[in-house]
Every structure is written in C-alpha cells, then in structure tokens.
Amino acid sequence: MKRAKLSFSNIILIIACLVVVVSILFLNVINTRNIITLKNSIDTLSIENKNISILRTTSDVLLESELVFTRFTQTGEASLSKLSALSIDKAIAHLKVLKTESDSGRAAQITLQLNKEQSLPIMITEFELLSNRLKENQVDLSNRSEVDSVGNLLAKYNQQLKRVLIKEDAFRENLNATIFKNAVTGTDVIQKFFWVSLLIILFIVGVLVYNIYKMVNYENEILEARERALKLAQVKSRFLSNMSHEIRSPLTAIMGFTEIIDKIEIDTEKKNYLHAIKTSSEHLLSTVNDVLDFSKLDAGKLKLERQPFYIASAIEEVAFALSSTSAANKGIKVDSIIELDKNLAVKGDLFRLKQILYNLLSNAIKFTEKGNVTIIANISGTTEKQVMIKIAVADTGIGIPNDQIKTVFEEFTQVTNNSTSKDTRRAIKGTGLGLSICKMLVELQGGTIGVESKLNQGSVFTFAIPYEVANDKVANEKELTAMNPISSTLKDKRVLVIEDNDVNIMLLTMLLKKVGIVYDIAKDGEIGLQLFKDNKYDIILTDINVPKLTGDEIAILVRQFTDESKRNIPIVGLTATIVQDDLDEYIASGINEVLVKPFKQDELYATIEKYL
C-alpha cells in the first residue's frame, strides 16, 4: 500500500524552522555571554569609581593640607598648623578605608600600585606622626630643613596618589572602550541576526503560502475527484439498475413459462429439458444478484431485516436444499451437526443468513470431488439478550494454497492450485464474489469470519454472528402458505395490465386467465391512464419502465384523480430493478407494492389477493 510522503517544499520548511530554532539558541548563548561580560565590566567600573574617588579625595585633602602648611610657614599662626593637621587626619581616614578594601577587586590593584613606592601602613603611620606634630605645634619654623622635610613629605605622597590616579583613569578609559566595543559588537551581531532571521521568516512565510496554495489546489482536486466519484457511483448504480432490468425482464418470461410448462408437462425427457432451463435461469439470476449485492454492500446501502426466525430450521433448510441438488449430483454427502435447540428463535435477517450458508456450502461442494461436506452449528457465547451463533462449513476438497489463503475473501478471486487438473480448473465457475459477499454480510451484522485449510485435505470456513434472542412467535413459512391458499374470489376480477414487452404480456395473460381474472392490456402509460379513466378496475398491474408515462408517473396521476373510489385503487408495480433507492421512490409515488421480476406465479396471485 502506498503511503503519503513529505513534499520537497515541506522538507525545506522543516529545515528552515530548524535553522531558525538553532540560530535563536545560538544567539541566546552569545547574548548571555555578552551580558555576563558586560555585568562584570560594570561591576569593575563601579568598584573603580569608589576607590578612585577615595584616592582623588585624599589627594585633594593632601593638597589642601600642603597649602595650609605653606601658609603656616609664612604666617606662623598656630591655628593654621592645626588646620593642616585636620586635613592630614582626613587623608588618614581615607587611606584607612582604602586599606580595608585592599583585598577585593580593583582596590587590591590600587593598593599594589601605591605599595610600589610606599606601603599604605607606613604612609598612614607617617601621616599620623606628622598630624600629631602639627597639632602640638612641634614643627620649628626657624629650622628650614625641618620645614622642607614636612613640605616634601606632603608633596611626595600627593604626587604618588596622583600617579596612581592617572594610571587608574587610563585603565578606566581602556575598560570603557572595551565595554563599548563589546556592546557595539553585540549590537551588530543581534542586528545581523535580526536581518537573517527576518529573511528566514519571510522565506518560511513564503513556503507556508506556497504550501497553503498547494493545499487549496489539492483540496479543489479532491472535491473535483469526489464529484467525479459521486457521478461515477451514480452511473454505476444506474448501469447496475439497467443491467438488472435488461437481464431480469427476459428471465421473468423464461422462468415463468418454464414453471407453467413444468406443471402441465408429463413427458420425462421434456421435463429434464425444462429443469435444465430452470437451473440455467436460476444460475443467471444468482449471478446478477451477487453483483448487485456486492455493489450495495460496497456502497454501504444494504439494509438488514430484523425478523424472528428459528435458527436451527434455517440451517437445516439450506443443507437439505443443497444436499438434494448439487451435492447429490456429485455424489457428495452433506452432514449436519446442529447443536442448537430447535425452538431457539432469534431476531435477524433470515435471508442473509441463508445467503451466507448457501455461498459457503456451494463453494464447499464445488471444490470437493469426493468425500463429504459437514455443517457444524453451536452456541459460542451468550448474554442476557444475545446469543453468539457459530457455524462451521468443512469439506474434504482441494484446499487452499498458503499464498492464496489471505486473498480468498477478496472480490473476483478464485482459488486454484497446481495439483488441480486443467479440466477441474475450467469447471470451477462463478463471479468470485461469493466469499467477499459472505465476509461483508457477516461483518455488517457484527460478526467475524475466517478460514483454515490444508492443501489437498480440505478447508473449514467458520463464521460467528451475534443475534438477539426473540421472544415473539415465529410464523412458519409452511403455515403461512396453508393459511393463505389462492382464493376463488379472484375469478371475474378486473385488472388493468400496463406492459410493453410482448413476452411478458403473454406470460401475465396466461397467469391471469388461469384464475379467471378479466384484464385489459395497455402497451404504454398514456393508453393505460386513458383505460383507467374510461373503465372501472379492481387493481392495476403496471411495469415501471413503460413508454410515454412510467409506472410511478401513472401512480402519481391516479392518486390525484377526483373520483375517490378510483383514486384509491390498489397499484402493484412490476420492475426488474432491486436498487432500494428506486424501490423507495416507487412506493413514495403511490404504488402500494412492488413485485420484483422474475417472480413466481404464486407470488403474483398472493399479491393480487392481498389487495382484493
């Protein structure tokens, strides 16, 4: 089985999305790294600002102290000596703060640079001694060397601080330049990635638009294909309906005349010929029914009946019918092992159960040259309201090869094997729809079906269907026949027959004459409608496909007639189609009942009597 594959555009779209996702992740990594670096640089700058501020303040204080001391040496005022000492104390306080932060960050670098010329502890000690001398006015102004030594000390340390400040300012400028460069680089990267991402997103949007366009086209193609499929289905349905009509119409005459002649013929040889015609007709009818059933099952239009019936009796009827015909002709024995209560009644579709059994038994007999065929029926499970009926059909035939056992339920499939003779293979006839129809019917009723087989030893087909246990009384078919014999009251009843086929007219007139019914014949709808208007009839028998006015059109006009006694006349439609939609339309038009061709004479009499 072919599987859908990704288109080239979808593959490109997936790749583009992956590229965007990977790029975004990569950008996040770069941005995270840049942010961390920027944060560290900002932290460094903030530490530098604090320590440099201390150095700058200390330098200013020392300069102030130096100026005051110079003024003191000029004036000799004691207050100036103390003022200079006060400035030196401020410088000492700042240096002590710087010393306490000498173990962290950039402060350690500043302390290291200061210590290259003179260590902070010594500097603080010397400043403390100087401050004390100035406070106690112990500096001898008359001693020039002593005065110069104090001035030089203040100038030396002030210059030392300024040199460190110059270096730190240079460091800050370099660091600022580095931060700015990193910021610009990060911005450039982000900007470039933005444009690349924008191009990729535009590309993805373009691919998405292209894919949407293709999807719309595909959807339009699917809708067109659906419309074509619906038209083809309608053509197929109409073809099957027409085929059914064209085959069933002549079969009606063939099987009808065969049945009439068979009842009056006494010559054995001629009766054999009649039986051959009857068998061939039934085979042709069965083939048509198989094709139509398969078509309805395949379209999901087959409707199941839900009527009570005896399950054991149904199985026995099919087994007896085939054992006395096709099995008897081949000398094959049909054994029945029915482990079911004869009074077990279930609700379901009796006709479809018989159809499944008939197909499986017919296949078993067809593929068995010698030996026997066995039907085994039992209950495989029960609930309060349901019973699971399991039925197996076993044969001793040619068996199914292992390479074909999986395809036996496929339509138009015929099983053969290399050991089967050429003549035997040619003798295997049929449409190849029987097992396919069986599988569909079983599954439609909620059941399962399977097969086990050994080559040249035989096959066992087993199916199980759940049925609802029926509490209603089941009417026996023989009892219904006995309760409804053909009444003598049909004699002298007047029937309007509307039929365009001469052979079918001949058959209908023979059947009506047989029970003393008086009739008029119309070969088209207009003549039939005029006869209806001019005469009084008890019932109308009309073929659906008659010229000028079809049977359902006639029914519509009759139901609109002004005379109430005529308006309510029973109308029986005769048709060769079994398409349910068509049959429903015929009933909706006003036809009381539709009799499907080919029909048996007893069915015709029973239908007429039902409305008379």
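Please refer to the structure higher up on the page.
1. Some words on the overall build of the chain
Link 1 in the chain: Scanning the chain from N- to C-terminus turns up 18 helices and 12 strands.
Link 2 in the chain: Within the chain, contacts between residues separated by at least 24 positions form 72% of all contacts whose residues are at least 6 apart in sequence.
Link 3 in the chain: Of the accessible surface of the chain, which amounts to about 34,800 Å², a share of 57% is contributed by carbon and sulfur atoms.

2. Quick notes on the packing of aromatic side chains
Link 1 in the chain: By the definition in use, this model includes 5 aromatic pairs.
Link 2 in the chain: Plain terms: the ring middles of Phe-409 and Phe-461 are 6.0 Å apart, the flat faces sit at 85 degrees to each other, and that makes the pair edge-to-face. You can see Phe-409 sitting in the loop between strand E5 (386–395) and helix H10 (422–427) and its partner Phe-461 sitting in strand E7 (residues 458–469), a full 52 residues away along the chain. Neither residue differs from the other here; Phe-409 and Phe-461 are each classed as buried.
Link 3 in the chain: The residue whose ring lies beneath Lys-156 is Tyr-157, and the NZ or CZ to ring-centre distance is 4.7 Å.
Link 4 in the chain: The lysine or arginine in question, Lys-566, covers the ring of Phe-532, its NZ or CZ lying 5.5 Å from the ring centre.

3. Points about the nonpolar core
Link 1 in the chain: One finds Ile-311, Leu-353, Ile-391, Phe-463 and Tyr-467 to be the most contacted residues of the largest nonpolar core, which totals 43 residues.
Link 2 in the chain: If you list the elements that add at least two residues to this core, you get helix H7 (311–323), helix H9 (350–366), strand E4 (372–382), E5, helix H11 (434–444), strand E6 (448–454) and E7.
Link 3 in the chain: In contact with Phe-463, other than residues within four places in its own chain, are Leu-353, Ile-356, Leu-357, Leu-360, Ile-389, Lys-390, Ile-391, Val-442, Thr-448 and Ile-449.
Link 4 in the chain: One finds Ile-54, Ala-91, Val-139 and Leu-165 within the second-largest nonpolar core, a separate group that totals 32 residues.

4. A word on empty space enclosed by the protein
Link 1 in the chain: Applying the stated criterion across every chain, the model contains 1 cavity of 30 Å³ or more.
Link 2 in the chain: Size it by volume and the largest cavity reaches roughly 30 Å³.
Link 3 in the chain: Lining the largest cavity we find Gly-256, Glu-259, Leu-507, Leu-511, Phe-599, Lys-600 and Gln-601.
Link 4 in the chain: Secondary-structure elements contributing two or more residues to the lining of the largest cavity are helix H5 (144–264) and helix H13 (502–514).
Link 5 in the chain: When grouped by side-chain class, the residues that make up the lining of the largest cavity number 3 nonpolar, 2 polar and 2 charged.

5. Let's talk about the side chain of Gln-601
Link 1 in the chain: Relative to the helices and strands, Gln-601 is located in helix H18 (residues 601–611).
Link 2 in the chain: Residue Gln-601 is classed as buried on the basis of its relative accessible area, which comes to 3%.
Link 3 in the chain: Ignoring anything within four residues of it in the chain, the contact list for Gln-601 reads Glu-259, Ile-260, Lys-263, Leu-511 and Lys-514.

6. Comments concerning the sheet that holds strand E11 (residues 571–575)
As a general point, the strands of a sheet are linked pairwise by backbone hydrogen bonds and lie either parallel or antiparallel.
Link 1 in the chain: Pairing is parallel across the open sheet formed by 5 strands, whose spatial order is E9-E8-E10-E11-E12. Of all strands in the sheet, those with a lone pairing partner are strand E9 (518–522) and strand E12 (593–596), marking the two edges. Pairs of neighbouring strands in the sheet enclose a mean axial angle of 20 degrees, with direction left out of account.
Link 2 in the chain: Where strand E10 (residues 539–543) lies against E11, 4 bridges are found, and the strand directions are parallel. Bridged to Leu-541 within E11 is Val-572.
Link 3 in the chain: Helix H17 (residues 580–589) rests against E11 and E12 of the sheet, and its axis sits at about 140 degrees to E12.

7. Some remarks on the pattern of salt bridges
Link 1 in the chain: According to the stated counting rule, one finds 16 salt bridges in the structure shown.
Link 2 in the chain: Between Lys-135 and Asp-89 there is a salt bridge whose closest N-O contact spans 2.7 Å. Of this pair, Lys-135 sits in helix H4 (residues 120–135) while Asp-89 sits in helix H2 (residues 78–100), placing them 46 residues apart in sequence.
Link 3 in the chain: Residues Lys-597 and Asp-543 are paired through a salt bridge, measuring 2.8 Å at the closest nitrogen-oxygen approach. Of this pair, Lys-597 sits in the loop between E12 and H18 while Asp-543 sits in strand E10, placing them 54 residues apart in sequence.
Link 4 in the chain: Assessed through its relative accessible area of 2%, Lys-597 is described here as buried.

Criteria and thresholds
Counting restarts for each chain: residues are numbered from 1 in the order of the written sequence. Totals for whole chains, interfaces and linings use all residues, but because this is a predicted model, local features are given only for residues with pLDDT of at least 70 and pairs of side-chain atoms are given and counted only at 80 or more. Side-chain numbers here rest on the full set of heavy atoms in the structure, without hydrogens or water. Secondary structure is summarised from DSSP: a helix means a run of H or I of at least four residues, a strand means a run of E of at least two, and numbering begins at the N terminus for each. The contact rule is simple, with two residues in contact once any of their heavy atoms fall within 4.5 Å. Residue exposure ignores everything except the shown protein chains as possible cover, and the areas themselves are Shrake-Rupley values with a 1.4 Å probe. The criterion for an aromatic pair is that two Phe, Tyr or Trp rings (for Trp, the six-membered ring) have centres within 6.5 Å, with stacked assigned to planes under 30 degrees apart, edge-to-face to planes over 60 apart and tilted to the rest. Categorising residues by exposure relies on relative accessible area from a 1.4 Å probe, with only protein chains included: less than 20% of the type maximum marks a residue as buried, more than 50% marks it as exposed, and the intermediate range marks it as partly exposed. In this analysis the charged atom, NZ for Lys or CZ for Arg, is taken to sit over a ring once it is within 6 Å of the ring centre and within 35 degrees of the ring normal. To form a nonpolar core, buried Ala, Val, Leu, Ile, Met, Phe, Trp, Tyr and Cys residues must be joined to one another through side-chain atoms within 4.5 Å. Cavities and pockets were defined on a 1 Å grid built from protein atoms only: a cavity is a group of points that admits a 1.4 Å probe but offers it no way out, a pocket is an open group of points flanked by protein on both sides within 12 Å along at least five of seven lines, and a lining residue is one with an atom within 4 Å of any such point. Grid points are joined across faces, edges and corners, and a volume is the space filled by probe spheres set on the points. Charged residues are taken to be Asp, Glu, Lys and Arg, nonpolar residues to be Ala, Val, Leu, Ile, Met, Phe, Trp, Tyr, Cys and Pro, and polar residues to be all remaining types, Gly included. At least two bridges found by DSSP between two strands is the condition for calling them paired. Note on method: axes are straight lines fitted to C-alpha atoms, helices fitted across the in-contact stretch only, with angles between N-to-C directions ranging 0 to 180 degrees. Salt bridges are defined as contacts in which a side-chain nitrogen from Lys or Arg sits within 4 Å of a carboxyl oxygen from Asp or Glu.

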